[in-house]
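# A structural walkthrough
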Amino acid sequence: MLLGSKSAIFSFLSKWETLIEGKGAMIMNKNKRKILIVEDEFVNREILKNILLDDFEIIEAEDGETALELLNSGRDDLSLILLDLFLPKLSGLELLNIIQANTALNNIPVIVLTSDKELEVQCLQYGASDFISKPYPDSSIIKARINRVVELFEDRQTIKSTERDALTRLYTREYFYKYVADEDRLNPNVERDAIAIGIRSFHIIKERFGTSFSDSLLVRFSKRLKKLMPNISGMVCHLEADTFIVYAQHFVDYEKFLEEMSADIYVDKESKTPLKVQMGIYQNADKNLDIDVRFERAKIALNKLRDSVVKNYFIFDDKLKEKELFEEELLEEFNTAINEKQFVVFYQPKFNIQGEAPRLVSAEALVRWKHPQKGLISPGIFIPLFEEKGLIQRLDLYVWKEAASQMKKWQEKYHKHVPVSVNVSRIDLFDPTLVETLLEIVKENGLKTSDLLLEITESACTDNVDVIIDKASALRAAGFKIEIDDFGTGYSSLSMINKLPLDALKIDMIFIRNAFTSENDNKMIKIIIDIASYLKVPTIAEGVETKEQVAVLKELGCDIVQGYYFSKPVPNEEFAAFLTTEK
Amino acid sequence: MLTIEKLRQYGANVDEGLQRCVNNEQLYLTLVNRFLDQNTFPDLKDAILAHDLEKAFHIAHSLKGVIGNLSLSPLYDVIYQLTELLRNRTEMDYSNYIQRYEVSYSMLSALR
């Protein structure tokens, strides 16, 4: 189409100019990406504008100063700057420098427009993303170059805004996993540990001090983690809440790393309560496994530690037998089990068989674990475990209290004094407050000290004999009765037994079980009964199952019998039956 | 009146120029007219005569960009050579170049 006349062209042009020229004039279009064209030559601007108008919203500046004003007034929504180098007032290179030095602006890509070949490299060095030469190349080339730069920068922006967690500024999981994959590809032969890190009792900290405090704690801890990463050639991700994951070159000094992580970070400034950190480690992680699986293993290891008072790190070992995993779960669940009273005390009656008819004289308290998921767990599994892990004292205390409170209930309801024997572990005997604790329990439940029979295994008395003897004496002086459990299986000497103050010997069930198949073991029973008679204390036979066994034990002079022949260990409700039938 | 055909006869690389304007003939002609109206060559000539070669270079450089983008080949040849000489601040008699430019320019202007 041709315009009618020269004057018509001028009139058209001047209107056009008032509309679109001038400082920072723009054509509004909200849906398009914005490009700033900084170019002093009208003709050049118009050519570019014409090429880009369909795809972009165009903002124009005629000189460097105007462009800078525009940029500084908050034009951070630009997708691209097209910058001519030869500009009046402020040159293109100067403007490029200013843009690159400004963190609010240097994420906007710049394409330089230049006719000087020698300046092209310099522009790229100054931070330009690309250049377009003059005279301009084919419009399709201009379009393609501009689109490519805009897309690249948008991708980079997307990565920048999503690769880091908003709170901690650590990697988010998605990007962390990607970088782990990169790391594996670049260094396939380097051994790596997948580590999961947690803050102990974080939920309590959060409840006690509030979310803003716990958030700031997470931020402080995150900064620390980030700082420590070079030491272990690692990278870190904030997974969720107080859980962090680290991918590090294999190392072994976990104690040191744990110390460094929490050093001088307090959860309570007033009382200087130190931050406690726990760590689950999947060592030399198998790179054939999914990244997710590797960190899942680290998390499994970490979860074993949650609420544990014993350890602060745990190493996942896929050679770990199921039993060990099971045991770790039991340890982990110990606190909950105590709090939720999952431990249930059963009672097995003990009968005196020396009279005309067997007579109920006492009961033994035996603990069972009624696990909500795992079902009834045998004490044979968890007691040795708790002994090893230092938890047995708490379980013993629990059982003492339960048994005492049960006795109180029986006495109130049935007016019967049936003493109950409870287990006293070796470690309890070294507790200086043992006597006090037991006396308190007895007092609280309105019992006599003689109601609580204390069973000490013979093997508990094999070393530190003097301490054991002193403690046993103190207990007896307080009125408690002491039964030596599993007698005959330990290695205690007769002279030690002679010095140990005691009130009964319990014959281990293994002797009873074999008594009628082996002449020798029958003799063992007799020997134990002889020792008891020498010490002037009764014997108690455990694991008695048949009428025949009862008859023989009676004849051998055994006083008290406990076992399936009379009753298996039963819940307290069932045990009540023995109290009502007894005179 | 300026037409595509007249520009072609003048020696402009019309196809290239039009290509830059995404084959918008009206825009192309408008921009050539704009170039003629905004004639900055007298400033360049003054700068050369005043021996301000730096200023002259800047004007020539800008002019070269515009002329190049419009593919006005007869003018481009002259302005290109002029720009390179001025880039090196060559002290010489520029009257030949000035004359060549002015002739080419008036030929183009006469097409209107």
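About the criteria used
Residues numbered from 1 in each chain as written. Chains lettered and ligands numbered in written order. Predicted model: local features only at pLDDT ≥ 70, side-chain atom pairs only at ≥ 80, totals over all residues. Helix = DSSP H or I, 4+ residues; strand = E, 2+ residues; numbered from the N terminus. Buried ≥ 20, exposed ≤ 12 C-beta atoms within 10 Å, placed from the backbone. Contact = placed C-beta atoms within 7 Å. Pairing = 2+ DSSP bridges. Nonpolar A, V, L, I, M, F, W, Y, C, P; charged D, E, K, R; others polar. Axes fitted to C-alpha atoms, helices over the stretch in contact; angles between N-to-C directions. Parallel < 35°, antiparallel > 145°, perpendicular 65-115°, else oblique. Left-handed = near helix turned anticlockwise from the far one by under 90°. Expected span 1.5 Å × (residues − 1). pLDDT = per-residue confidence, 0-100.

### With respect to the overall build of chain B
A tally of regular secondary structure across chain B gives 7 helices and 0 strands. A total of 112 residues make up chain B; the buried ones form 38% of that total. Taking the intrachain contacts of chain B between residues at least 6 apart in sequence as the baseline, contacts between residues at least 24 apart amount to 56%.

### Re the overall build of chain A
In terms of regular secondary structure, chain A is built from 23 helices and 22 strands. Burial analysis of chain A (583 residues in total) assigns 36% to the buried set. Within chain A, residue pairs in contact and separated by at least 24 positions form 63% of the contacts whose partners lie at least 6 positions apart.

### Section: the pairing of strand S6 (residues 192–199) of chain A
Residues and elements named next belong to chain A. Counting buried residues along S6, 8 of its 8 residues qualify, which places the element largely inside the surrounding structure. The side-chain alternation of S6 yields two buried faces, one formed by Arg192, Ala194, Ala196 and Gly198 and the other by Asp193, Ile195, Ile197 and Ile199. As paired strands, S6 and strand S8 (residues 243–249) are joined by 7 bridges and run antiparallel to one another. Looking at S8, one finds that Asp193 is bridged to Ala248. Two elements, S6 and strand S11 (residues 277–282), share 6 bridges in a ladder whose sense is antiparallel. Opposite Ile199, over in S11, you have Val277 as the bridge partner.

### A few points about the interface of chain A and chain B
Listed by partner, the interface residues are 20 residues for chain A and 23 residues for chain B. Residue assignment for the side of chain A that touches chain B shows that the elements contributing at least two residues are helix H1 (6–20) and helix H2 (42–52) of chain A. With 7 residues, H2 of chain A is the single largest residue contributor to the side of chain A that touches chain B. Across the side of chain A that touches chain B, the residue classes tally to 10 nonpolar, 4 polar and 6 charged.

### Regarding the sheet that holds strand S2 (residues 56–61) of chain A
Residues and elements named next belong to chain A. As summarised here, the arrangement of the 5 strands in space is S2-S1-S3-S4-S5, forming an open sheet in which the pairing is parallel. At either end of the open sheet lies a strand with only one pairing partner, and these are S2 and strand S5 (130–133). When strand polarity is set aside, the average angle formed by the axes of neighbouring strands in this sheet is 20°. In terms of strand pairing, strand S1 (residues 33–38) meets strand S3 (residues 78–84) through 5 bridges, oriented parallel. Each residue of the ladder has a partner; that of Val38, found in S3, is Leu83.

### Quick word on the packing of H2 of chain A against helix H5 (residues 53–70) of chain B
The interhelical angle for the contact between H2 of chain A and H5 of chain B, taken along N-to-C directions, is 40°, at an axis separation of 9 Å. In terms of their interaxial angle, H2 of chain A and H5 of chain B are classed as oblique. Once H2 of chain A is placed against H5 of chain B, the crossing between them reads as left-handed. The residues of H5 of chain B that touch H2 of chain A, namely those facing Val43, Asn44 and Ile47 of chain A, are Gly65, Val66, Asn69 and Leu70 of chain B. When grouped by side-chain class, the residues that make up the contact of H2 of chain A with H5 of chain B number 4 nonpolar, 3 polar and no charged.

### Notes on the environment of Arg164 of chain A
All names here are of chain A. The residue Arg164 is located in the loop between helix H6 (139–162) and helix H7 (173–186) in this model. Each C-alpha atom of the pair Arg164 and His238 lies 8.7 Å from the other, and the pair is 74 residues apart in sequence. Residues contacting Arg164, with those up to four places away along its chain left out, are Arg169, Leu170, Tyr171 and Thr172.

### Quick word on unusual backbone geometry
All names here are of chain A. Pro135 follows Lys134 through a cis peptide bond whose omega is -5°. Even without being glycine, Asp264 reaches a positive phi, approximately 60°. Within the secondary structure layout, Asp264 lies in the loop between helix H10 (254–262) and strand S9 (266–268). Residue class for Asp264 comes out exposed when judged on the 9 C-beta atoms lying within 10 Å of it. Unlike most non-glycine residues, His415 shows phi in positive territory, near 55°. Along the polypeptide, His415 turns up in the loop between helix H15 (392–414) and strand S16 (420–423).

### Considerations on the sheet that holds strand S12 (residues 313–316) of chain A
Residues and elements named next belong to chain A. The 5 strands are arranged S7-S8-S6-S11-S12 in an open sheet whose pairing can be described as mixed. Each end of this open sheet is capped by a strand with a single partner; those strands are strand S7 (234–240) and S12. Neighbour-to-neighbour, the strand axes of the sheet open up by a mean angle of 20°, direction not taken into account. Two elements, S11 and S12, share 4 bridges in a ladder whose sense is parallel.

### As for the packing of H15 of chain A against helix H17 (residues 434–444) of chain A
Residues and elements named next belong to chain A. Put simply, H15 and H17 touch, their axes get as near as 9 Å, and they point 25° apart. In terms of orientation, H15 lies roughly parallel with respect to H17. Crossing of H15 against H17: the hand is right-handed. Counted together, Trp400, Lys401 and Ala404 of H15 and Leu438, Ile441 and Val442 of H17 form the full contact between these two elements.

### A word on H5 of chain B
All names here are of chain B. Taking 1.5 Å as the rise per residue, H5 with 18 residues should run 26 Å; its terminal C-alpha atoms sit 25 Å apart, in good agreement. Judged by how many residues are buried, H5 sits mostly within the fold: 15 of 18 residues are covered. One or two positions beyond H5, positive phi appears at Ser71, with a value near 55°.

### Here's the deal with the pairing of S5 of chain A
Sheet topology places strand S4 (residues 110–114) of chain A next to S5 of chain A; 4 bridges connect them, and they run parallel. Paired with Val112 of chain A across the two strands is Phe131 of chain A, which belongs to S5 of chain A.

### Section: the confidence of the model for chain B
For chain B, mean pLDDT is 94; residues scoring 70 or higher make up 100% of the total. Interface scoring of the predicted complex returns ipTM 0.92; its pTM is 0.47.

### Structural notes on the environment of Asp215 of chain A
With respect to the element layout, Asp215 of chain A can be found in helix H9 (residues 211–228). It is 9.5 Å that separates the C-alpha atoms of Asp215 of chain A and Asp242 of chain A, two residues lying 27 residues apart in sequence.

### As for the environment of Glu65 of chain A
Among the secondary structure elements, Glu65 of chain A is positioned in helix H3 (residues 64–72). Spatially, the C-alpha atoms of Glu65 of chain A and Leu90 of chain A are 5.7 Å apart, while their sequence positions differ by 25 residues.

### Brief notes about the confidence of the model for chain A
A residue-level look at chain A finds 90% of positions with pLDDT of 70 or above and a mean pLDDT of 85. pLDDT under 50 marks residues 1–30 of chain A. Its contacts with residues more than four places away, or in other chains, come to 25 contacts.

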